[in-house]
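Architecture at a glance
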Amino acid sequence: MKLAWVAGHRLFGRRYVLPHPVATALEHVFGEPVGSVTVIEHSLYARIHPGMSATTRPNRILLSISGSEFVANPDLLLHEYFHVLRQWGTGRLTRWRYLIESTRLGYWANAYEQEAREFVAAASEGYRRYLRNLNLI
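Residues numbered from 1 in each chain as written. Predicted model: local features only at pLDDT ≥ 70, side-chain atom pairs only at ≥ 80, totals over all residues. Heavy atoms only, no water.

1. Details of the packing of helix H4 (residues 74–88) against helix H6 (residues 111–133)
Following both chains from N to C, one finds H4 and H6 inclined at 120°, their axes separated by 8 Å at the closest point. The orientation of H4 with respect to H6, classified from their angle, is oblique. Between H4 and H6 lies a crossing of right-handed hand. Along the contact surface, H4 presents Pro74, Asp75, Leu77, Leu78, His79, Phe82, His83, Arg86 and Gln87, while H6 presents Tyr112, Glu113, Glu115, Ala116, Arg117, Phe119, Val120, Ala123, Ser124, Tyr127 and Arg128. Within the contact of H4 with H6, the residues separate by chemical class into ten nonpolar, four polar and six charged. (Axes fitted to C-alpha atoms, helices over the stretch in contact; angles between N-to-C directions. Helix = DSSP H or I, 4+ residues; strand = E, 2+ residues; numbered from the N terminus. Parallel < 35°, antiparallel > 145°, perpendicular 65-115°, else oblique. Left-handed = near helix turned anticlockwise from the far one by under 90°. Contact = heavy atoms within 4.5 Å. Nonpolar A, V, L, I, M, F, W, Y, C, P; charged D, E, K, R; others polar.)

2. Observations concerning the side chain of His83
Looking at the element boundaries, His83 is found in helix H4. Here Gln87 takes part through its side chain, which lies 2.5 Å from a polar atom of the side chain of His83. (Polar contact = N/O pair within 3.5 Å; in protein donor to acceptor, adjacent residues only side chain to side chain.)

3. Some remarks on the sheet that holds strand E3 (residues 14–16)
If you trace the four strands from one edge of the open sheet to the other, you get E3-E4-E6-E5, paired in mixed fashion. Whereas interior strands pair on both sides, the edge strands pair on one side only; in this sheet they are E3 and strand E5 (54–57). The mean inter-strand angle of the sheet, taken between neighbouring strand axes irrespective of direction, is 30°. Here E3 runs beside strand E4 (residues 38–41); their pairing, made up of three bridges, is antiparallel. Within the sheet, the bridge partner assigned to Arg14 lies in E4 and is Glu41. (Pairing = 2+ DSSP bridges.)

4. Some remarks on unusual backbone geometry
The backbone of His42 shows a phi angle near 50°, a positive value even though the residue is not glycine. Take His42: it is sitting in the loop between E4 and helix H2 (44–47). Judged by its relative accessible area of 27%, His42 is partly exposed. Of note in the backbone geometry, Asn59 takes a positive phi value of approximately 60° without being a glycine. You can see Asn59 is positioned in the loop between E5 and strand E6 (60–63). Overall, Asn59 belongs to the partly exposed group, its relative accessible area being 42%. (Buried < 20%, exposed > 50% of the residue type's maximum accessible area, 1.4 Å probe, protein only.)

5. Things to note about the packing of aromatic side chains
Applying the stated criterion across every chain, the model contains four aromatic pairs. Following the ring pairs from residue to residue traces out a cluster consisting of Phe30, Phe82 and Phe119. If you follow Arg117 out to its NZ or CZ, it ends over the ring of Trp108, 3.7 Å from the centre. (Phe/Tyr/Trp six-rings, centres within 6.5 Å; stacked < 30°, edge-to-face > 60°. Lys NZ or Arg CZ within 6 Å of the ring centre and 35° of its normal.)

6. Looking at the packing of helix H1 (residues 20–30) against H4
For the pair H1 and H4, the least separation of the axes is 12 Å and the interaxial angle reads 60°. Taken together, H1 and H4 sit at an angle that is classed as oblique. For H1 against H4, the interelement crossing comes out right-handed. Where H1 approaches H4, its residues Val22, Leu26, Val29 and Phe30 are matched on the opposing element by Leu77, Leu78, Tyr81, Phe82, Leu85 and Arg86. Its residues placed into classes, the contact of H1 with H4 shows nine nonpolar, no polar and one charged.

If you want it as structure tokens, here you go:
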């Protein structure tokens, strides 16, 4: 039997649909569609990762927080979408590679995390500027 619902909610959380302007701004920054990425808010799976607001899998972002908190934090938003689109999406990131990298170097020095932080540092202002031009922030 497949357990899909717990107290009226999906076992792993609820799907969150990005506001259209946010999705448009992400597509502008990444230069590709983001609609294939599923965002799950209040994910029980994400909550088992202590101290983390999100975790990713191929085409999926699992949040321990709400979707509205996620989109209100542009750096986190860009960071997680980078993992999904540029790392999982290209096949460079796998669970085993991430685990090995984290075991060798720790979370902070993990090359996948460093690369995502570097992307955010370079792309954050462009994302914010695009939203400002839409009069959203």
